[in-house]
Amino acid sequence: MTWYETIFDERYPELFGPLEHDPEDEVARIVGLLSLPAGASIVDLGCGRGRHAIPLSRRGYRVTGVDISEKMLRMARERAARENVSVEWVREDMREFLRPETFDACLSLFTSFGYFADEENEKVLRNVARNLKKGGTLLLDLRNAQKGLAGEEDHEMTFAVPAGRLRLRVRFDRVAGRAYAEHELTRPDGIRILSRFDVRIYSEDQLSEMIGRAGMRIHAVHGSLDGGPFTPGAERMVVIARKG
Ligand SMILES: C[S@@+](CC[C@H](N)C(=O)[O-])C[C@H]1O[C@@H](n2cnc3c(N)ncnc32)[C@H](O)[C@@H]1O
């Protein structure tokens, strides 16, 4: 099994939760950025535990959440049932998920794109293009490659989180264009949990070519979900593309 099939489980909220922003707020911003029509159909690719899919459904959109991890989907289903929210949850690999001409928008949030080799990452984009209706929109919320690959050195930091102490280490491989991250949580009882992942981080130009080859065009690039400008120092690279 590869890393993305093993680390996304019930430990996720402890390991990644402290890095997340308020999803209700993010959903409000996403809706604003995409100007989605009422009742639009949206697929959240790599939906995890439904942080965005659930509030989107509550706003009246028809939402499909796709994830490879049954454990993440179980958390999503349980929360949706508790909150009486309807989302279609699909356990599938994003490299295989195909529903041609079905969605008005496809979301990929909190760095859920770039886990594979280039060829397979492109396959994900080709599937997205096929799954979108004509004029449909893709939103990719990614780590800003320029910040990692060009500027900043590898980094490490430790901070207190509700479940203990979290140590993050990120190493950039500038030749492969990948970031390797390690999250280690030490709980107060001394138990440590560790996750490692590696993700391809593309420049704006590389993404533009890949998105073009898949049959879409970049419409805007922002430095955050707020819609702020994309600068070399921006934390995120939020790419909005349209299917022609
Ligand atoms: C960093 S998490 C983000 C989850 C969610 N978007 C969020 O913001 O909370 C990435 C998600 O992608 C899922 N994932 C990883 N590889 C996948 C694949 N090949 N196909 C579909 N989902 C995948 C993981 O299980 C995980 O839930």
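What you see is a predicted model; the values in this text were computed from it and never measured.

A word on the overall build of the protein. From N to C terminus, the protein includes seven helices and eleven strands. Along the first, second and third principal axes, the C-alpha set of the protein runs to 50 × 45 × 35 Å. Here the contacts in the protein between residues at least 6 apart in sequence split such that 64% fall between residues at least 24 apart.

Around the ligand, 19 residues are found, and the nearest of them are Phe8, Gly46, Gly48, Ser69 and Phe110. In terms of residue class, the shell around the ligand is built from ten nonpolar, five polar and four charged.

Turning next to helix 7 (residues 204–214). Here helix 7 has its buried residues at Leu207, Ile211 and Ala214. Projection of helix 7 onto a plane perpendicular to its axis shows the buried side chains occupying an angular sector of 55 degrees, all on one side. In helix 7, the exposed positions angled more than 90 degrees off the buried face are occupied by Asp205 and Arg213. For helix 7, the elements touching its buried residues are helix 5 (118–131), strand 10 (216–222) and strand 11 (236–243).

This part covers the sheet that holds strand 8 (residues 178–186). If you trace the four strands from one edge of the open sheet to the other, you get 6-7-8-9, paired in antiparallel fashion. The open sheet has two edge strands with one neighbour each: strand 6 (155–161) and strand 9 (192–200). Taking each pair of neighbouring strands and ignoring which way they run, the sheet shows an average axis angle of 15 degrees. Here nine bridges tie strand 8 to strand 9, and the two strands are oriented antiparallel to one another.

Let's shift gears to helix 5. Owing to its 3.6 residues per turn, the α-helix brings residues three or four apart onto one side. An ideal rise of 1.5 Å per residue puts 20 Å on 14 residues; helix 5 measures up with 20 Å between its terminal C-alpha atoms. All of the buried residues in helix 5 are Val124, Leu125, Asn127, Val128, Ala129 and Asn131.

Time to look at the domain arrangement of the protein. Domain boundaries assigned for the protein yield domain 1 (3–144 + 202–243) and domain 2 (147–198). The distance between the C-alpha centroids of domain 1 and domain 2 comes to 22 Å. With 13 residues of domain 1 at the interface, the matching set in domain 2 holds 15 residues.

What follows is about the sheet that holds strand 10. One open sheet holds the seven strands; their spatial order is 3-2-1-4-5-11-10, and the pairing between them is mixed. Taken across any chain shown, the strands that pair with only one partner, and hence form the sheet edges, are strand 3 (88–91) and strand 10. On average, each strand axis in the sheet is tilted by 20 degrees relative to the strand beside it, whichever way the strands run. In this structure, strand 1 (residues 41–45) lies alongside strand 2 (residues 62–67), joined through five bridges in parallel fashion. The partner of aspartate 44 across the bridge, within strand 2, is glycine 65.

Before going further, it helps to examine unusual backbone geometry. Even without being glycine, asparagine 84 reaches a positive phi, approximately 55 degrees. The topology assignment puts asparagine 84 in the loop between helix 4 (70–82) and strand 3. C-beta crowding within 10 Å serves as the criterion here: with 7 such atoms nearby, asparagine 84 is assigned to the exposed category. Phi angles above zero are rare outside glycine, and threonine 111 is one such case at about 55 degrees. Tracing the sequence through the fold places threonine 111 in the loop between strand 4 (103–108) and helix 5.

Turning our eyes to something else, we now look at the packing of helix 5 against helix 7. When two helices pack together, their arrangement is given by the angle between their axes and by how far apart the axes lie. Two numbers describe how helix 5 lies on helix 7: the axes approach to 8 Å, and their chain directions differ by 50 degrees. One element, helix 5, and the other, helix 7, form an angle in the oblique class. Considering the relative orientation of helix 5 and helix 7, their crossing is right-handed. Between helix 5, through Glu122, Leu125, Arg126, Val128 and Ala129, and helix 7, the contact on the second element is made entirely by Met210, Ile211, Arg213 and Ala214. Counted by class, the contact of helix 5 with helix 7 contains six nonpolar, no polar and three charged residues.

In this structure, Ile42, Cys106, Leu107, Val128 and Leu138 are the most contacted members of the largest nonpolar core, which totals 52 residues. Residues in contact with leucine 138, not counting those within four places in the same chain, are Cys106, Val128, Leu132, Met216 and Ala241.

Of note, glutamine 146 is situated in helix 6 (residues 145–151). Through-space distance from the C-alpha of glutamine 146 to that of valine 239 is 14 Å; in sequence the pair is 93 residues apart.

Quick notes on the rules
Per chain, the residues get numbers from 1 upward, laid out in the order the sequence is written. In keeping with the model being predicted, local features are shown solely for residues with a pLDDT of at least 70 and side-chain atom pairs are shown and tallied solely at 80 or more, while totals for entire chains, interfaces and linings include all residues. We count a stretch as a helix when DSSP gives it H or I for four or more residues in a row; a strand needs E for two or more, and each element gets its number in order from the N terminus. Residues are defined as contacting one another if the C-beta atoms placed from their backbone atoms lie within 7 Å. Placing a C-beta atom from the backbone of each residue, we mark the residue near a molecule or strand if the atom is within 6 Å of it. When residues are grouped by polarity, Ala, Val, Leu, Ile, Met, Phe, Trp, Tyr, Cys and Pro land in nonpolar, Asp, Glu, Lys and Arg in charged, and all others, Gly among them, in polar. Between the buried cut of 20 or more and the exposed cut of 12 or fewer other C-beta atoms within 10 Å of a residue's own C-beta lies the partly exposed class, and all C-beta atoms are placed from the backbone. By arc we mean the arc of the directions from the helix axis to the C-beta atoms, nothing more. DSSP-based pairing: two strands are paired if at least 2 bridges between them are found. Working convention: axes come from line fits to C-alpha atoms, limited for helices to the stretch in contact. Angles between N-to-C directions cover 0 to 180 degrees. The span one expects for a helix is its residue count, reduced by one, times 1.5 Å. Those domain boundaries reflect an automatic or database domain assignment. The scheme is simple: roughly parallel for angles under 35 degrees, roughly antiparallel for over 145, roughly perpendicular for 65 to 115, oblique for anything else. A crossing counts as left-handed when the near helix is turned anticlockwise from the far one by less than a right angle, and as right-handed when that turn is clockwise. When buried Ala, Val, Leu, Ile, Met, Phe, Trp, Tyr and Cys residues are joined through C-beta atoms within 7 Å, the set is termed a nonpolar core.

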